[in-house]
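Observations on the three-dimensional arrangement
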Amino acid sequence: MDTASVTVTTISIIHVKNAGKLRALADVEVVFDGVEMIIQGVQVRADGKSTEVSLPTYRATDGSWRPAIILPDEIKTAISDTVIAAGLEAEILRVKEESLADRCKDAKESKAGQE
């Protein structure tokens, strides 16, 4: 099985205000074995529980939303990680503070596992 080098870089990330869970739109450069491709309109959605990065979509003739590009999971994961890092750096996203209740629960489970 052949392997190829892939590099993912966030070119830009723009904060989107007053758009529900949509927090940002990013443009990403993906280089496959020296061949450059730019993906525009990568969406960053976040709420108090999770953050999700999704590739651009379009509305099909039947009214459904379809992916504009289909990539392997490894590349989608690399894009997601890179865009989230850029969102954190730009202070569009933030690391969720673990609640005191979560820390107590984790400590209790850890202690129970040691016994």
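Everything numeric here is computed off the predicted structure, so don't read it as measured data.

**A few points about the sheet that holds strand β4 (residues 51-54)**
- Ordered in space as β1-β2-β3-β4, the four strands form an open sheet in which the pairing is antiparallel. In the strand order of this sheet, the two ends are held by β1 (6-15) and β4, each with one partner. This sheet shows a mean twist of 25° between the axes of neighbouring strands, independent of strand direction.
- Against the sheet, helix α1 (residues 73-89) touches β1, β2 (22-32), β3 (35-46) and β4, its axis set at about 40° to β1.

**Side note on the pattern of salt bridges**
- Under the counting rule described, the total for this entry stands at two salt bridges.
- For the salt bridge of Asp 47 with Lys 21, the shortest nitrogen-to-oxygen distance reads 3.4 Å. With Asp 47 in the loop between β3 and β4 and Lys 21 in the loop between β1 and β2, the pair connects residues that are 26 residues apart, well separated along the chain.
- For Asp 47, a relative accessible area of 32% puts it in the partly exposed group.
- Ionic pairing is found between Lys 76 and Asp 73, a salt bridge with its closest N-O pair at 3.4 Å. Taken together, the positions of Lys 76 and Asp 73, both in helix α1 and three residues apart, correspond to about one turn of that helix.

Parameters at a glance
Residues numbered from 1 in each chain as written. Predicted model: local features only at pLDDT ≥ 70, side-chain atom pairs only at ≥ 80, totals over all residues. Heavy atoms only, no water. Pairing = 2+ DSSP bridges. Helix = DSSP H or I, 4+ residues; strand = E, 2+ residues; numbered from the N terminus. Axes fitted to C-alpha atoms, helices over the stretch in contact; angles between N-to-C directions. Contact = heavy atoms within 4.5 Å. Salt bridge = Lys/Arg side-chain N within 4 Å of Asp/Glu carboxyl O. Buried < 20%, exposed > 50% of the residue type's maximum accessible area, 1.4 Å probe, protein only.

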